[in-house]
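Spelled out from the first residue to the last, the chains are:
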Amino acid sequence: EQKLKADERESLFLVSEYAKTFFSDTLWNSEKGRAIGHSDFRERGFTDQTIQKFELGYSPDEWSAFTDAAIAKKYALEFLEKSGLTIVKDQRKFDRFKGRVMFPIHSMSGRIVGFGGRTLSADKKVAKYLNSPESIIYHKSKILYGIYQAKQRIAREDNCFLVEGYTDVISLYQSGIENVVASSGTALTPDQIRLINRLTNKITVLFDGDAAGIRASLRGIDLILEQGLN
C-alpha cells in the first residue's frame, strides 16, 4: 500500500511538472500565448526575468489543448484527473484552467504541487482565480505560495512578509523584497505558520487594507501569536 501511494505521489509530481513546462512553453512560444498571456504579465509590470523565475505560464483558451498534449506524451488520464488538471465528465475530458494565466505552486523543496489560474475574461460569472483541487500532493492549508523562491532570504533576513495573493508576492519579489510568501486562496492556517517557523519566528502581515483584509489580518495575527511567533 505504501509503495502504491508513493508511486501515485510520484506520478502526480511528474504530471504537474509536465503541466508547468507545457504552460510555460505555450506562454513563450505560441502566438496566442505571447499575445494574451505574456502581454498580460507585462502589463502588470513583470519583467521577463521575473516571469521565468516564478515559471509563469498560459493555458490555451481551448477545451482540451493541455489534456490532449499530455495524453499524446503518454501521461495517464487517471493522474491528469487526480491532479485536477483535467476534468472528466462522462466520456468528455477538458482542461480545468483553459484560457487562464498560470501560477505554478512549488513545495518548499521546489516540486510543483498545484496551480493557480487567473482568468483573462471580463465575464463576471467566471471565477477570477481558480486553484488546483486538493490531492495527495497538494494540501492548500499546508503550502505557501512563493516559499521555495523566498526560503533562503527569509532565513537570512529573519523575517517573513505575508501577503494575500500571487501577484503581491511577485511584485514585491521583483522590487527586491524577496522574503515574501502568500497564503493564496485560503485563510492562514497553523500548518502554514509552522512552515514559516522553520525559517524564522518573525512574520510581518501585509494584507489588503479593505474591511475583509483587516479582518483576515487580525485573525492571522491571533494565530501567529498562538503558535508562539512574533
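Residues numbered from 1 in each chain as written. Predicted model: local features only at pLDDT ≥ 70, side-chain atom pairs only at ≥ 80, totals over all residues. Heavy atoms only, no water.

### Looking at unusual backbone geometry
Filter applied, for reference: Put simply, DSSP marks the helices as runs of H or I at least four residues long and the strands as runs of E at least two long, and each gets a number from the N terminus on. Working definition: with a 1.4 Å probe on protein chains only, accessible area under 20% of the residue-type maximum means buried, over 50% means exposed, and in between means partly exposed.
Positive phi, normally seen in glycine, also occurs at E55, with a value near 55°. Here E55 lies in the loop between helix 3 (48-53) and strand 1 (57-59). Owing to a relative accessible area of 26%, E55 belongs among the partly exposed residues under this scheme. Even without being a glycine, D90 presents a positive backbone phi close to 55°.

### A word on the pattern of salt bridges
Put simply, the test is: By convention in these notes, a salt bridge is any Lys or Arg side-chain nitrogen within 4 Å of a carboxyl oxygen on Asp or Glu.
Considering all chains together, one arrives at 13 salt bridges under this definition. Beyond isolated ion pairs, a larger network of salt bridges with shared partners links E8, E78 and K82.

### Describing the packing of helix 1 (residues 2-29) against helix 2 (residues 31-43)
A pair of packed helices is captured by two measures, namely the crossing angle of their axes and the spacing between those axes. To be explicit about the condition: Every axis in this analysis is a line fitted to C-alpha atoms, fitted for helices over the stretch in contact. Angles between the N-to-C directions lie between 0 and 180 degrees. Under this scheme an angle from 65 to 115 degrees is roughly perpendicular, one under 35 degrees roughly parallel, and one over 145 degrees roughly antiparallel; angles in between are oblique. Whether two residues are in contact is decided by their heavy atoms: any pair within 4.5 Å suffices. Classes in brief: Ala, Val, Leu, Ile, Met, Phe, Trp, Tyr, Cys and Pro nonpolar; Asp, Glu, Lys and Arg charged; the others, Gly included, polar.
The contact between helix 1 and helix 2 brings their axes to 6 Å, and the two run at 95°. As summarised for this structure, helix 1 and helix 2 are arranged roughly perpendicular, according to the angle between their axes. Residue-level inspection shows T26, L27, W28 and N29 of helix 1 in contact with helix 2, the latter providing E31, G33, R34, G37, H38 and F41. Here the contact of helix 1 with helix 2 is built from residues that sort into three nonpolar, five polar and two charged.

### Quick notes on the pairing of strand 5 (residues 112-119)
The criterion, for reference: Between any two strands, pairing holds if DSSP finds at least two bridges.
Extensive coverage of strand 5 is indicated by the burial of eight of its eight residues. Across seven bridges, the pairing between strand 4 (residues 100-106) and strand 5 is antiparallel. When the bridges of strand 5 are listed, R100 appears paired with T119. The hairpin formed by strand 4 and strand 5 contains five residues between the paired strands, and G110 there has a positive phi angle of roughly 100°.

### Some words on the layout of surface pockets
As a reminder, the rule being used: In this analysis, the protein atoms alone were mapped onto a 1 Å grid. Cavities are point sets where a 1.4 Å probe fits without being able to get out; pockets are open sets with protein on both sides within 12 Å along at least five of seven lines; lining residues have an atom within 4 Å of a point. Grid points are joined across faces, edges and corners, and a volume is the space filled by probe spheres set on the points.
Of the voids in this model, the largest pocket is the one considered here, and its volume is about 430 Å³. For the lining of the largest pocket, the leading source of residues is helix 9 (residues 211-226), giving six residues. For the lining of the largest pocket, a count of residues per class yields eight nonpolar, eight polar and seven charged. Considered as a void within the structure, the second largest pocket measures approximately 200 Å³ in volume. As for the second largest pocket, its lining consists of 14 residues, and the residues nearest its centre are S107, V113, I137, K142 and I143. Here the residues of the lining of the second largest pocket sort into seven nonpolar, three polar and four charged.

### Concerning helix 4 (residues 65-72)
Within helix 4, the full set of buried residues consists of A65, F66, T67 and A70. Contact partners of the buried residues in helix 4: helix 1, helix 5 (77-82), strand 2 (86-89) and strand 3 (92-95). Phi turns positive one or two residues past the end of helix 4, at K74, with a value near 75°.

### Thoughts on the nonpolar core
Under the convention used in this document: Nine residue types can take part in a nonpolar core, namely buried Ala, Val, Leu, Ile, Met, Phe, Trp, Tyr and Cys, and a core is a set of them joined through side-chain atoms within 4.5 Å.
The biggest cluster of nonpolar side chains holds 40 residues, and the ones touching the most others in it are L56, F66 and Y145. Sort the elements by how many residues they give to this core and helix 1 lands first, with nine residues. In this structure L56 touches S24, L27, F41, F46, I51, M102, F103, P104, Y145 and I170, once residues within four positions along its chain are discounted. Formed by 19 residues, the second largest nonpolar core is a distinct cluster that contains M108, L188, L199 and I224.

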